[in-house]
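A look at the structure
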There are 2 protein chains.
Amino acid sequence: MNLKKTKTREAILSILSNSKFPLTADEIFEKIKSNGNFTLSTIYRSLFSFEIAGIIKKEVSTDKKSVYSLNTPMDKHVLVCVKCHKKVIISGCPYHEANKKISHETGFQIIDHNTEIYGICPECLKKGEK
Amino acid sequence: MNLKKTKTREAILSILSNSKFPLTADEIFEKIKSNGNFTLSTIYRSLFSFEIAGIIKKEVSTDKKSVYSLNTPMDKHVLVCVKCHKKVIISGCPYHEANKKISHETGFQIIDHNTEIYGICPECLKKGEK
DNA sequence: GTACTTGCAAAGAGTTTGCACATTA
DNA sequence: TAATGTGCAAACTCTTTGCAAGTAC
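Quick caveat, the model's predicted, so the values are computed rather than measured. (Residues numbered from 1 in each chain as written. Chains lettered and ligands numbered in written order. Predicted model: local features only at pLDDT ≥ 70, side-chain atom pairs only at ≥ 80, totals over all residues. Heavy atoms only, no water.)

1. Quick notes on the overall build of chain A
Summing up its helical and strand segments, chain A has five helices and six strands in all. Helices (α) and strands (β) of chain A occur, in sequence order from the N terminus, as α-β-α-α-β-β-β-β-α-β-α. A total of 130 residues make up chain A; the buried ones form 35% of that total. Working note: accessible area of chain A is about 8,000 Å², and carbon and sulfur atoms make up 53% of it. (Helix = DSSP H or I, 4+ residues; strand = E, 2+ residues; numbered from the N terminus. Buried < 20%, exposed > 50% of the residue type's maximum accessible area, 1.4 Å probe, protein only. Areas by Shrake-Rupley, 256 points an atom, 1.4 Å probe, with all protein chains shown as cover.)

2. Thoughts on the protein's contact with DNA strand D
What surrounds DNA strand D is a group of 23 residues, the closest being Tyr44 and Ser66 of chain A together with Arg9, Asn37 and Thr42 of chain B. A share of 69% is what sugar and phosphate atoms reach among the atoms of DNA strand D within 4 Å of the protein. For DNA strand D, a base nitrogen lies 3.3 Å from a polar atom in the side chain of Lys4 of chain A. Mapped onto the surface near DNA strand D, the elements with two or more residues apiece are helix 3 (40–53) of chain A together with helix 1 (7–18) and helix 3 (40–53) of chain B. Broken down by element, the residue count for the surface near DNA strand D peaks at four residues, all from helix 3 of chain B. (Near = heavy atom within 4 Å. Polar contact = N/O pair within 3.5 Å; in protein donor to acceptor, adjacent residues only side chain to side chain.)

3. What about the sheet that holds strand 2 (residues 56–60) of chain A?
All names here are of chain A. Judged by pairing direction, the sheet is antiparallel, and its three strands sit side by side in the order 1-3-2 without closing on themselves. Only two strands of the sheet have a single neighbouring strand rather than two, namely strand 1 (23–24) and strand 2. Relative to strand 3 (residues 66–70), strand 1 runs antiparallel, the two being bridged by two bridges. By the bridge assignment for strand 3, Leu23 is matched with Tyr68. Relative to strand 3, helix 1 (residues 7–18) is tilted by about 85°, and along the sheet it contacts strand 1, strand 2 and strand 3. (Pairing = 2+ DSSP bridges. Contact = heavy atoms within 4.5 Å. Axes fitted to C-alpha atoms, helices over the stretch in contact; angles between N-to-C directions.)

4. Side note on the protein's contact with DNA strand C
In the vicinity of DNA strand C lie 23 residues, with Arg9, Asn37 and Thr42 of chain A together with Tyr44 and Ser66 of chain B positioned nearest. Sugar plus phosphate, as a fraction of atoms of DNA strand C within 4 Å of the protein: 69%. Note that a phosphate oxygen of DNA strand C is positioned 2.7 Å from one of the side-chain N or O atoms of Thr6 of chain A. Contact distances for DNA strand C include 3.5 Å between a phosphate oxygen and a side-chain N or O atom of Thr8 of chain A. Listed by contribution, the elements that provide at least two residues to the surface near DNA strand C are helix 1 and helix 3 of chain A together with helix 3 of chain B. Looking at which element gives the most residues to the surface near DNA strand C, the answer is helix 3 of chain A, with four residues. Considering only residue class, the surface near DNA strand C consists of four nonpolar, ten polar and nine charged. (Nonpolar A, V, L, I, M, F, W, Y, C, P; charged D, E, K, R; others polar.)

5. Overview of the pattern of salt bridges
Residue and element names in this part refer to chain A. Applying the stated criterion across every chain, the model contains two salt bridges over all chains. Linking Lys33 and Glu30 is a salt bridge whose minimum nitrogen-to-oxygen distance equals 3.0 Å. What makes Lys33 partly exposed here is its relative accessible area of 40%. (Salt bridge = Lys/Arg side-chain N within 4 Å of Asp/Glu carboxyl O.)

6. A short note on the packing of helix 1 of chain A against helix 2 (residues 25–32) of chain A
Packed helix pairs are specified by the crossing angle of their axes together with the interaxial distance, meaning the distance between the axes. All names here are of chain A. For the pair helix 1 and helix 2, the least separation of the axes is 10 Å and the interaxial angle reads 110°. Here helix 1 lies roughly perpendicular to helix 2, going by the angle between them. Contacts between helix 1 and helix 2 pair Ala11, Ile12, Ile15 and Leu16 from the former with Ile28, Lys31 and Ile32 from the latter. Split into classes, the residues belonging to the contact of helix 1 with helix 2 amount to six nonpolar, no polar and one charged. (Parallel < 35°, antiparallel > 145°, perpendicular 65-115°, else oblique.)

7. A word on helix 1 of chain B
All names here are of chain B. The end-to-end C-alpha distance of helix 1 is 16 Å, a good match for the 16 Å that twelve residues give at a rise of 1.5 Å each. When we look at burial in helix 1, the residues that qualify are Thr8, Arg9, Ala11, Ile12, Ile15 and Leu16. Along the axis of helix 1, the buried residues cluster in a sector spanning 160°; they form a single face. Exposed side chains of helix 1 directed beyond 90 degrees from the buried face belong to Lys7 and Asn18. Close packing links the buried residues of helix 1 with strand 1 (23–24), helix 2 (25–32), helix 3, strand 2 (56–60) and strand 3 (66–70). (Expected span 1.5 Å × (residues − 1). Arc of directions from axis to C-beta.)

Limitation: the analysis is restricted to geometry and does not speak to function.
Set out below in structure tokens:
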């Protein structure tokens, strides 16, 4: 299972590492299609290979599309502003302690979790005050 | 926008209120189809009406299906067993304290959040030990 | 040369929609 | 009867797959 370096794959990884937020396959496609002869299915397949290899991670967004991002395990918590849709990544896991408690109470051995937190960012709060 | 009471809708609400866990449209369909002449598209449309009316809520599960449940705002935290796919609802919000801290650190006014926690349930843990 | 990648087109799953008919209030 | 709801089939979106040809190592 050796990943070969190809133009498509380099382009995909470059896009993902330059993006602050997870992207859909189609968004990636839109960004690179002008640079060469790319296909959506190839992008899906590349993303799949990367995922298996542990290089990227795939998540499901609220509109039911798959979104992909480099696998930086700590960036799993996203604050989403309901006004301006800005996303802020929270580093570290704020729920670590709470999860220990859940584990204790339910007997579940907790492996992972995903969280989206909705709120209003400081900028939009200020605007609202005016 | 007046919701009319029909056989389909009563059946759907009955199923949802008797279910401890969110259900997909198809799961609802499977459960009620023997009781009458129901259609998947009608179920989707009824679910949509209920959602607009605020009676139920729709969420996206990790396998990208929409799941529906009665709109009880407190049951937002689900423990999912990665082995047997059982879901356990955690009542109350275990992250309340942590969110206060996030709010303080980021300036966000937090409104809401959704969480899925993945783990292995006690039963599957036992099986694994054997 | 062998294994891995790709493009293309077609298939697949879940969901939505148009239309004519049926039902509720 | 006026407004809503339904069944059916077809359309739609995102994603996956089969196959033959191409490319990296």
